[in-house]
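Structure at a glance
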Amino acid sequence: MPGFKRPLEIAFGQTSLATVPDVSGTLSLKKQNNIRVVELVIEPALVIALVSDRLKTLPIPWQQPLKALASQPFYQTTKTSPKISQVLKDLLQCPYQGTLRQLYLEGKSLELIALYFADLSSSVAGKTKGLRKQDIDCLQQAQHILFENMENPPSIAAIAKQVGLSERRLQQGFRQHFGTTVFAALHDYRMAQAQLMLERGRMSVEAIAHTVSYSHRGYFAATFKRKFGSTPRDYLKQLNKIAL
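The following paragraphs examine the structure supplied in this document. All residue numbers here refer to positions counted from 1 along the written sequence of the relevant chain. Confidence filtering applies because this is a predicted model: local features only for residues at pLDDT of at least 70, side-chain atom pairs given and counted only at 80 or more, and all residues used for totals across whole chains, interfaces and linings. Neither water nor hydrogens contribute to the side-chain values; these are computed over all heavy atoms in the structure.

1. Focus on the pattern of salt bridges
Salt bridges are identified by distance alone: a Lys or Arg side-chain nitrogen within 4 Å of an Asp or Glu carboxyl oxygen. Inspection of every chain in the model, using the stated rule, returns seven salt bridges. When the shortest N-O distance is used, the salt bridge between Asp135 and Arg169 registers 2.9 Å. On the criterion of sequence distance, the pair formed by Asp135 in helix H5 (residues 133-148) and Arg169 in helix H7 (residues 167-178) is long-range, its members being 34 residues apart. Think of it in three bands: residues with accessible area under 20% of the maximum for their type are buried, residues over 50% are exposed, and the middle band is partly exposed, with areas taken using a 1.4 Å probe on protein chains only. In this structure Asp135 comes out as buried when scored by relative accessible area, which is 4%. What makes Arg169 partly exposed here is its relative accessible area of 28%. Overlapping salt bridges bring together Asp90, Lys108 and Glu111 as one network. Where helices and strands are cited, they refer to DSSP runs of H or I of at least four residues and of E of at least two residues respectively, numbered from the N terminus.

Rendered as structure tokens:
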């Protein structure tokens, strides 16, 4: 698929969301008795418009990539929920023809999009029980401040003061709402950005390390390896080998 150096894989019982600047690509299916794939093709800008008011409710790794959905390659896979499975069956077993078929399929497609993003939101919502909306807004603001200043992140005390929470409430809220500590979230964000830059293949490893605020290349490589199982250079070699 143009925009990716590695193949995009999906298995039985999975749902994927993918976007690439070029809609062309190759789909390879392994020989089996029965393979059924439901593919919904939609303009990225429309997806953003449909879910713009829910972006902050989605898991952290999804938020930034979805904002750039119309211009940057993106690929994520989730487990297909029972409700989505039922809609997929309805799509495959549409009982109508002609205009009614078109209306039915469009309606089910919209339902599919709604269920997909509702499932993503619920994965976060389950962690927010006991938090006030005001606290959640403050936590999301704190996350934004942290990520926007990843090169020189402010202290927990500074962030807490800026968003109007105590340090303890900020730290507890991060664990409850995001499922991680404040600076563990920053670490994951830096690593996700580094991986994305490597995937795009436009920058050197040294430049990427500097961009995500690692002045020592060796420390960056060791940190990346702990996160993804290989050094940045080995990761690039794997990508290039797949691309060939």
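2. Focus on helix H10 (residues 217-228)
What a helix should span is 1.5 Å times the count of its residues minus one. The first and last C-alpha atoms of H10 sit 16 Å apart over 12 residues, in line with the 16 Å expected at 1.5 Å per residue. A positive backbone phi angle near 90° is found at Gly229, which sits one or two residues after H10.

3. Focus: the nonpolar core
Working definition of a nonpolar core: buried Ala, Val, Leu, Ile, Met, Phe, Trp, Tyr and Cys residues. They are joined through side-chain atoms within 4.5 Å. Counting residues in each nonpolar core, the largest one holds 34 residues, and the members touching the most others are Leu139, Leu170, Phe174, Leu198, Val212, Phe220 and Phe224. If one sorts the elements of this core by residue count, helix H8 (residues 182-200) sits on top with eight residues. Counting residues in each nonpolar core, the second largest holds 13 residues, with Val47, Leu91, Leu112 and Ile113 among its members.

4. Here's the deal with helix H6 (residues 156-163)
Buried within H6 we find Ile156, Ile159, Ala160 and Val163. Angular distribution of buried residues about the axis of H6 spans 100°; they occupy a single face of the element. Exposed positions of H6 whose direction lies more than 90 degrees from the buried face are Lys161 and Gln162. In this analysis, two residues are considered to be in contact whenever any of their non-hydrogen atoms come within 4.5 Å of each other. Lining the buried residues of H6 we find H5, H7 and H8. Downstream of H6 by a residue or two, Gly164 has a phi angle that is positive, lying close to 85°. Read the arc as the range of directions from the helix axis to the C-beta atoms.

5. Quick word on the environment of Ala221
By the element assignment, Ala221 lies in helix H10. Along the primary structure Ala221 and Thr231 are separated by 10 residues, whereas in three dimensions their C-alpha atoms are 5.2 Å apart. Apart from residues no more than four positions distant in its own chain, Ala221 is found in contact with Thr231 and Pro232.

6. Describing a nonpolar patch on the surface
Each patch is built from salt-bridge-free residues with over 30% relative accessible area, joining like charges within 9 Å and nonpolar side chains (Val, Leu, Ile, Met, Phe, Trp, Tyr) within 5 Å. Accessible surface is estimated by sampling points in the Shrake-Rupley manner with a 1.4 Å probe; for residues, cover comes only from the protein chains shown. A cluster of nonpolar side chains, namely Leu27, Leu29, Ile35 and Val37, defines an oily patch on the protein surface of about 390 Å² accessible area. Looking at Leu27, the relative accessible area reads 64%, which means it is exposed.

7. Re unusual backbone geometry
In terms of backbone geometry, most residues other than glycine have negative phi values and most peptide bonds are trans. Although it is not a glycine, Ser213 adopts a positive phi angle of roughly 75°. Within the element layout of this structure, Ser213 appears in the loop between helix H9 (205-211) and H10.

8. Some words on the packing of H6 against H7
Helix axes use the C-alpha atoms of the stretch in contact, all axes being lines fitted to C-alpha atoms, and the angles between their N-to-C directions lie in the range 0 to 180 degrees. At their nearest, the axes of H6 and H7 sit 9 Å apart, and the two run at 95° to each other. In terms of orientation, H6 lies roughly perpendicular with respect to H7. When H6 is examined against H7, the residues Ile156, Ala157, Ile159 and Ala160 are found in contact with a partner set consisting of Glu167, Leu170 and Gln171. Among the residues forming the contact of H6 with H7, the class breakdown is five nonpolar, one polar and one charged. Roughly parallel covers angles under 35 degrees, roughly antiparallel covers those over 145, roughly perpendicular covers 65 to 115, and oblique covers all other angles. Here the nonpolar group is Ala, Val, Leu, Ile, Met, Phe, Trp, Tyr, Cys and Pro; Asp, Glu, Lys and Arg are the charged ones; every other residue, Gly included, is treated as polar.

9. As for the packing of aromatic side chains
Aromatic pairing here means that ring centres of Phe, Tyr or Trp (its six-membered ring) are within 6.5 Å. Orientation follows from the plane angle: under 30 degrees is stacked, over 60 is edge-to-face, and everything else is tilted. With the rule as written, the count across this model stands at seven aromatic pairs. Note on Tyr214 and Tyr219: the rings are 5.7 Å apart at their centroids and 40° apart in plane angle, and the pair reads as tilted. Ring centres of Phe224 and Tyr235 lie 5.7 Å apart, and the angle between their planes is 70°; on these two criteria the pair is classed as edge-to-face. Placement of the pair is Phe224 in helix H10 and Tyr235 in helix H11 (residues 232-243), with a sequence separation of 11 residues. Among the aromatic residues, ring-to-ring pairing joins Tyr214, Tyr219, Phe220, Phe224 and Tyr235 into one connected group. The criterion for a charge sitting over a ring is simple: Lys NZ or Arg CZ within 6 Å of the ring centre, and within 35 degrees of the ring normal. The side chain of Arg190 reaches across the aromatic face of Tyr214, ending 5.9 Å from its centre.

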